[in-house]
Amino acid sequence: MKLFVEVDLEGVSGAVYGGYGLPKSKEGGRSELLMTLELNALVEGARAAGISKLQVCESHPFNKNCLIGGIDVVHEIEKIQDCDLLAFVGRHARAGLEKSVLSHTGSGRSVIDFRVNGKSFGELGIVAAYAGHFGVPAIFVSGDRAATEEAEDFIPNVTTVAVSEGLGNHSAICLAPQKAHKLIKAGIIRAIQNRRKVKPLVVKKPVTIEYELKYPAQADRFALVPGVTKKNDRTVTYTCKNFLEAYRTYLATSLALIWWDAKG
Ligand SMILES: [Zn+2]
């Protein structure tokens, strides 16, 4: 069995200050270590439960001195299609949820909301639906409490482990790392045992995506692309034939917005 692991940083226990992807972030190193150790715990559990091959997506830099051996590190989620199962570590909730630690959807400064067929989707839903397009179920999510609740809303029977409890966007009650690791390891074992109870997340076609943006200038620019419609001064919509196309559109636009963020 092959497992794909999508690792993010803002839902790791102890990561609360933010700005990690931006230049001059002081907190990066410490949180990257915590993220790497949570991933290691998941890998140990996955191996104990019979996973033979692991592909791990690095969206923030791992601490290479502490990273567990024998995994493939990839930088794009497209390899999900070669795997049987998907798991998330360090997952944060979507933009705009209350009591969610460092919640955002792609660009932290520019995206107010991202909707798919009218429903708000965060990074969790986007990646789970990308996997679902290829028939791969998302079986496990660890992250802050808001992210695990979001996962339960999207994916019936998913196994979740909350490693922190958000009090606000930049404050949380966090589990001690050893405790978080123990729960993650036990959680992924349970998730793999229960994998047949989880169905891939499939989004109905055609797929209409909608960006609610912070700045009208961004909506103006997006609306220059053929097929993009402006709903109001800050909201644009685009209809795709399936979720693969929707994901690719999200990826391209999200990167453009993240660069915009970094500039400002
Ligand atoms: Zn993220």
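Structural data are supplied above this passage.
Keep in mind the model is a prediction, meaning the values are calculated, not measured.

## Looking at the sheet that holds strand S8 (residues 159-168)
Pairing is mixed across the open sheet formed by seven strands, whose spatial order is S3-S2-S1-S4-S7-S8-S9. At either margin of the open sheet sits one strand with a lone partner, and together these are strand S3 (72-74) and strand S9 (171-174). With direction set aside, neighbouring strand axes in the sheet form an average angle of 25°. Pairing of strand S1 (residues 2-7) with strand S4 (residues 85-91) involves five bridges; the strand directions are parallel. Each residue of the ladder has a partner; that of Glu-6, found in S4, is Phe-88.

## Here we look at the pairing of strand S10 (residues 207-213)
Among the seven residues of S10, five are classified as buried, and the element is accordingly described as predominantly covered. In terms of strand pairing, strand S5 (residues 111-116) meets S10 through five bridges, oriented antiparallel. The residue of S10 that forms the bridge with Asp-113 is Glu-212. One ladder, built from six bridges, connects S10 with strand S12 (residues 235-240); its direction is antiparallel. The partner of Thr-208 across the bridge, within S12, is Thr-239.

## Regarding the sheet that holds S10
The strand order across the open sheet built from five strands is S6-S5-S10-S12-S11, with neighbouring strands paired in antiparallel fashion. Both edges of this open sheet fall to strand S6 (119-120) and strand S11 (229-232), since each of them pairs with a single strand only. Alignment of S5 against S6, held across two bridges, turns out to be antiparallel. Looking at the pairing, Val-116 lines up with Lys-119 of S6.

What counts and how
Residues numbered from 1 in each chain as written. Predicted model: local features only at pLDDT ≥ 70, side-chain atom pairs only at ≥ 80, totals over all residues. Pairing = 2+ DSSP bridges. Helix = DSSP H or I, 4+ residues; strand = E, 2+ residues; numbered from the N terminus. Axes fitted to C-alpha atoms, helices over the stretch in contact; angles between N-to-C directions. Buried ≥ 20, exposed ≤ 12 C-beta atoms within 10 Å, placed from the backbone.

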